[in-house]
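The primary structure of each chain is shown beneath.
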Amino acid sequence: MAALVKLVVFDLENTLIFNEFLPELAAIGIDGRIDWENGFRARAERLRGLTQAQVLRAARQLRPVPGAKEFVDWLRAQASKVVLVTGGPREVAESALELFEADAAFSNEFHYEDGRFTGSVTVHVSPQSKGEIVRELATKWRIEKDEIVAVGDGVMDVPLLSEAGLRLAINPEGKLKDHVDFETSDFREAQRWLARQMADRPAKSGQND
């Protein structure tokens, strides 16, 4: 499998974990009332005054979706690189990076003064940039599109999914049926499906790892 799947990129919230930091963002972005970045900034502004300790405490209380940790562990055992992307702040990304023992995590940045959130953010991760992140990683690590798996849960993950050779949806509620190769609410089923894809795809010549 290692010769065939070299990189797996996950959306974090509602895919690997139940938590969704800034939970109103998805609804705002999907229904078109306001673009995603403006929605993110508006929602973040309403959190102004939270202490960094409060943000850290919330970030450390991640609730993995059943089977998610085992699925990631299985991927890592096959020598696949695992990368997480989240619209949440760096604190969430760092907590998830540790929890899932991933290779890298990408997130947005909250700004603090005197230990309190100012309401200002630097946006590194948006729906569109998720695809750009995958392309940059593929170039950096010399990985081809058909060696990449992308995993998401909603329409904001379409740019992410479009950059992968295999596209998996977790708990999509039918929102991604035209954008993925397989959808399920069970990571064990996802693992069985992916293992079958790997068994059915011949390794490239010259690749023995």
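Structure's up top.
Cut-offs applied
Residues numbered from 1 in each chain as written. Predicted model: local features only at pLDDT ≥ 70, side-chain atom pairs only at ≥ 80, totals over all residues. Heavy atoms only, no water. Helix = DSSP H or I, 4+ residues; strand = E, 2+ residues; numbered from the N terminus. Buried < 20%, exposed > 50% of the residue type's maximum accessible area, 1.4 Å probe, protein only. Contact = heavy atoms within 4.5 Å. Salt bridge = Lys/Arg side-chain N within 4 Å of Asp/Glu carboxyl O. Pairing = 2+ DSSP bridges. Axes fitted to C-alpha atoms, helices over the stretch in contact; angles between N-to-C directions. Core = buried A, V, L, I, M, F, W, Y, C linked by side-chain atoms within 4.5 Å. Parallel < 35°, antiparallel > 145°, perpendicular 65-115°, else oblique. Left-handed = near helix turned anticlockwise from the far one by under 90°. Nonpolar A, V, L, I, M, F, W, Y, C, P; charged D, E, K, R; others polar.

To continue, consider the overall build of the protein chain. The secondary structure content of the protein chain amounts to 8 helices and 7 strands. Expressed as a percentage of the 209 residues in the protein chain, the buried residues total 48%. A separation of at least 24 residues holds for 60% of the contacts in the protein chain among residues at least 6 apart in sequence.

Counted under the stated rule, the structure contains 15 salt bridges. Lys69 is the partner of Asp73 in a salt bridge, and the nearest nitrogen-oxygen pair spans 3.0 Å. One end of the pair, Asp73, and the other, Lys69, are both in helix α4 (residues 68–77), 4 residues apart, so they sit about a helical turn from each other. The salt bridge involving Glu163 is made with Arg135; its shortest N-O contact spans 2.7 Å. Taken together, the positions of Glu163 in the loop between α7 (158–161) and β6 (166–170) and Arg135 in helix α6 (residues 127–141) put the pair 28 residues apart, joining distant regions of the chain. For Glu163, a relative accessible area of 18% puts it in the buried group. For Arg135, a relative accessible area of 39% corresponds to the partly exposed category. The structure contains a network of salt bridges with shared partners spanning Lys69, Asp73, Arg76 and Glu101.

Quick look at unusual backbone geometry now. Unlike most non-glycine residues, Arg142 shows phi in positive territory, near 55 degrees. In this fold, Arg142 is placed in the loop between α6 and β5 (148–152).

Sheet strands pair via backbone hydrogen bonds, and the direction of the pair is either parallel or antiparallel. Read across the open sheet, the 7 strands follow the order β4-β3-β2-β1-β5-β6-β7; overall the sheet is mixed. Each edge of the open sheet is held by one strand with a lone partner, namely β4 (116–122) and β7 (182–184). Adjacent strand axes in the sheet meet at a mean angle of 25 degrees when their direction is disregarded. Strands in contact with α6 are β1 (7–11), β2 (81–89), β3 (104–113) and β5; relative to β2, the strand with the most contacts, it is inclined by about 150 degrees.

Attention now goes to the nonpolar core. Core analysis: the largest hydrophobic core is formed by 32 residues, its most contacted members being Phe10, Leu16, Phe71, Phe100, Phe187 and Leu194. Residues in contact with Phe71, not counting those within four places in the same chain, are Phe10, Leu168, Phe187, Ala190, Gln191 and Leu194. Within the second largest apolar cluster, 19 residues are counted, among which are Val9, Val85, Val134 and Leu161.

Let's shift gears to the pairing of β5. Along any regular strand, the residues point their side chains to alternate faces of the sheet. Counting buried positions over the 5 residues of β5 gives 5, a clear majority of the element. In β5, alternate side chains face the same way, and those of Ile148, Ala150 and Gly152 on one face and Val149 and Val151 on the other are all buried. For β1 and β5, the ladder comprises 4 bridges, and the chain directions are parallel. In the strand pairing of β5, Val9 is matched with Ala150.

For the rest of this paragraph, the subject is the packing of α4 against helix α8 (residues 187–200). Orientation of α4 relative to α8, taken along the N-to-C sense of each, is 25 degrees, at an axis distance of 9 Å. When the interaxial angle is binned, α4 and α8 end up roughly parallel. Helix-helix and strand crossings are classified by hand; for α4 and α8 the assignment is right-handed. Residues Ala68, Phe71, Trp74 and Leu75 of α4 form the contact with α8, whose participating residues are Phe187, Ala190, Gln191, Leu194 and Ala195. A per-class count over the contact of α4 with α8 returns 8 nonpolar, 1 polar and no charged.

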